[in-house]
Amino acid sequence: MSNPYFIGIDVGGTKIYGGLVSPEGEILTNLKIATPPKASPSTITLLIIKTARDLAIAGRIPFRNIRAVGVAIPGIVDNDGKVVITPNIHLTGVDLKKILAKKLRIPVCVGNDVNLGVLGECWLGAGRKAKNIIGIFPGTGVGGGIVINNEFLAGTQGAAAEIGHMQIADEGPLCTCGNKGCLEAFAGRWAIEKAIHEGLAGKKRSIITTLAGKNPKQIKSGMLAKALSAKDPLVTAVMRRATSALAHACVSLNHIFNSDMFLFGGGVIEACGDFMLPAIEKALKNDPFFKRLKTPKVVRAKLGDDAVMLGAVAMAKRSLGEKIEGKYKIYPLLKYKGSDRIATEKEVLEDIFYVRADGKIKRPKNIFAGKISENDLEEVCRKSPDILIIAKGTTRPAIAPKGLKLLKKKNITLHILTSQQAVILFNHLDERKTLLSFP
Ligand SMILES: [Zn+2]
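The structure presented is a predicted model; accordingly, all values stated were derived computationally and were not measured.

Draft legend 1. Main features of the overall build of the chain. Along its length, the chain carries 13 helices and 22 strands. By the compact-globule yardstick of 22 Å for 439 residues, the chain fits well, its C-alpha radius of gyration being 23 Å. Along the first, second and third principal axes, the C-alpha set of the chain runs to 70 × 55 × 50 Å. Residues counted as buried form 41% of the 439 residues belonging to the chain. Taking all contacts inside the chain whose residues are at least 6 apart in sequence as the whole, residues at least 24 apart take part in 66%.

Draft legend 2. Fine view of the nonpolar core. Ranked by internal contacts, the top residues of the largest apolar core, which has 101 residues, are Ile9, Val69, Val71, Leu246, Leu263 and Ala312. When residues of this core are assigned to their parent elements, the largest contribution, 11 residues, is made by helix α8 (residues 233-257). Both domain 1 (5-124 + 306-319) and domain 2 (133-300) contribute no fewer than three residues apiece to this core. Counting residues in each nonpolar core, the second largest holds 21 residues, with Leu349, Ile390, Ile399 and Ala422 among its members.

Draft legend 3. Representation of the pairing of strand β3 (residues 27-34). In the sheet, strand β2 (residues 15-21) pairs with β3 via seven bridges, with the strands oriented antiparallel. Residue pairing across strands places Lys15 opposite Ala34, the latter belonging to β3. Between the end of β2 and the start of β3, which pair antiparallel, lie five residues, with Gly25 showing a positive phi angle near 100 degrees.

Draft legend 4. Quick look at the sheet that holds strand β19 (residues 387-391). With respect to topology, five strands assemble into an open sheet ordered β17-β16-β22-β19-β21, the strand pairing being mixed. Strands at the two margins of the open sheet, each flanked by one partner only, are β17 (361-362) and β21 (413-417).

Draft legend 5. Molecular detail of unusual backbone geometry. Positioned with a positive phi, Ser339 is a non-glycine residue whose angle comes to about 50 degrees. When you line up the elements, Ser339 lands in the loop between β13 (335-336) and β14 (342-343).

Draft legend 6. Local environment of the packing of helix α1 (residues 41-58) against helix α2 (residues 96-104). Between α1 and α2, the shortest axis-to-axis distance is 11 Å and the interhelical angle comes to 45 degrees. Between α1 and α2, the angle is such that the two are oblique. As for the relative orientation of α1 and α2, their crossing is right-handed in sense. Residues Thr45, Ile48, Ile49 and Ala52 of α1 lie in contact with α2, whose contacting residues are Ile99, Leu100, Lys103 and Leu104. Classifying every residue of the contact of α1 with α2 by side-chain character gives six nonpolar, one polar and one charged.

Draft legend 7. A look at the environment of Pro107. Relative to the assigned elements, Pro107 resides in the loop between α2 and β7 (108-112). Taking C-alpha positions, Pro107 is 14 Å from Ile9, a pair spaced 98 residues apart along the chain. Excluding anything up to four places from it in sequence, Pro107 contacts Ala68, Ala101, Ser319 and Leu320.

About the thresholds
Residues numbered from 1 in each chain as written. Predicted model: local features only at pLDDT ≥ 70, side-chain atom pairs only at ≥ 80, totals over all residues. Helix = DSSP H or I, 4+ residues; strand = E, 2+ residues; numbered from the N terminus. Rg over C-alpha atoms; globule rule 2.2 N^0.38 Å. Buried ≥ 20, exposed ≤ 12 C-beta atoms within 10 Å, placed from the backbone. Contact = placed C-beta atoms within 7 Å. Core = buried A, V, L, I, M, F, W, Y, C linked by C-beta atoms within 7 Å. Domains from an automatic or database assignment. Pairing = 2+ DSSP bridges. Axes fitted to C-alpha atoms, helices over the stretch in contact; angles between N-to-C directions. Parallel < 35°, antiparallel > 145°, perpendicular 65-115°, else oblique. Left-handed = near helix turned anticlockwise from the far one by under 90°. Nonpolar A, V, L, I, M, F, W, Y, C, P; charged D, E, K, R; others polar.

Below you can see the structure in the form of structure tokens.
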């Protein structure tokens with residue numbers, strides 16, 4: 001194919017993140033720029049155009065050879081690519097798809113960022129082996145996205161999957177949207193913060209005052225996690241309430257969609273997922289109505305900051321009639337060259353190297369001295385693999401106990417093999433995988 005590349009752009013309130021991506025999902029190059037505060041619609045539109053052009057230049061590809069551009073917007077986007085409403089940036093009412101297509105002269109798609117994040121995970125991340133996915137992202141608010149048969153659910157006007165604003169309690173707390181008892185009014189970080197403030201005002205004692213000061217204005221997710229591990233009664237009670245709200249929502253959503261998977265991400269889950277997710281899983285499992293059916297998986301998102309950008313590319317691919325399902329094609333095919341040497345189709349890889357979960361070949365920043373430490377594994381397992389294969393070569397790599405703990409916490413299966421066996425297993429596995437090789 002003469003023009004195989006796509007561009008994905010994730011437009012956020014504070015930054016614009018773009019990537020030049022192969023049809024297989026490999027990120028060839030990426031760039032990030034700040035969204036100027038209070039930027040006008042024309043400024044943001046120009047920055048999107050500039051990001052797209054700069055990516056092509058950085059990738060040394062003539063712009064006409066880009067197949068399509070996918071753009072993710074933090075707001076409601078209708079099915080014609082017109083922005084209906086964006087609370088955090090000035091794009092409300094902008095006919096973005098039309099404007100961009102006219103300027104860029106290639107196909108353009110525009111969609112909601114959370115929906116696209118779930119689509120991205122469905123293409124290359126935690127949801128790759130699932131077709132029907134409910135994505136829930138408790139951060140400051142609670143974002144939602146629903147993928148059905150590898151396509152996100154947009155609804156008639158592009159406003160579907162606002163899971164955070166499902167009303168789950170009759171006379172519940174007031175939500176930012178104006179309704180009462182929304183999921184977000186229990187499980188969004190703003191709501192958790194509010195409930196903790198109310199507890200403190202009612203003279204309840206909490207470690208939060210030590211972590212965030214006497215009048216803690218903003219309670220970050222990391223502080224919640226610390227308070228949970230210290231078994232702080234106030235924070236534990238508030239987080240139980242948030243978890244229970246999420247569990248109720250998941251049981252109802254499961255009855256509606258009978259999905260394969262509940263996918264969780266967002267700041268609150270990143271920090272407190274170990275506390276929240278098992279309880280949600282249990283609620284789904286114990287659902288009496290669905291006891292004869294398979295319980296959907298409860299998993300964490302894997303693509304991090306790349307999810308939305310890759311989802312925008314997935315949308316662009318689908319708009320051209322291409323599939324996003326199928327085997328992984330982001331990994332190099334490895335060859336065993338004898339004497340513990342491993343090669344790709346292009347080069348023999350000397351010394352210590354690793355193939356990261358996003359398919360990139362990397363050299364460790366520090367040469368591992370004797371033991372593979374927790375920090376070494378943090379580096380090697382960036383981009384969230386499901387499996388780590390260590391090709392031990394002639395060395396005897398030992399992993400520090402803290403490192404083994406980290407792998408367990410991240411749910412990464414470890415295989416330590418000879419270089420030859422490692423190559424065979426790596427090529428064979430169709431999972432998110434990392435190979436760390438010693439000479
Ligand atoms: Zn609401």
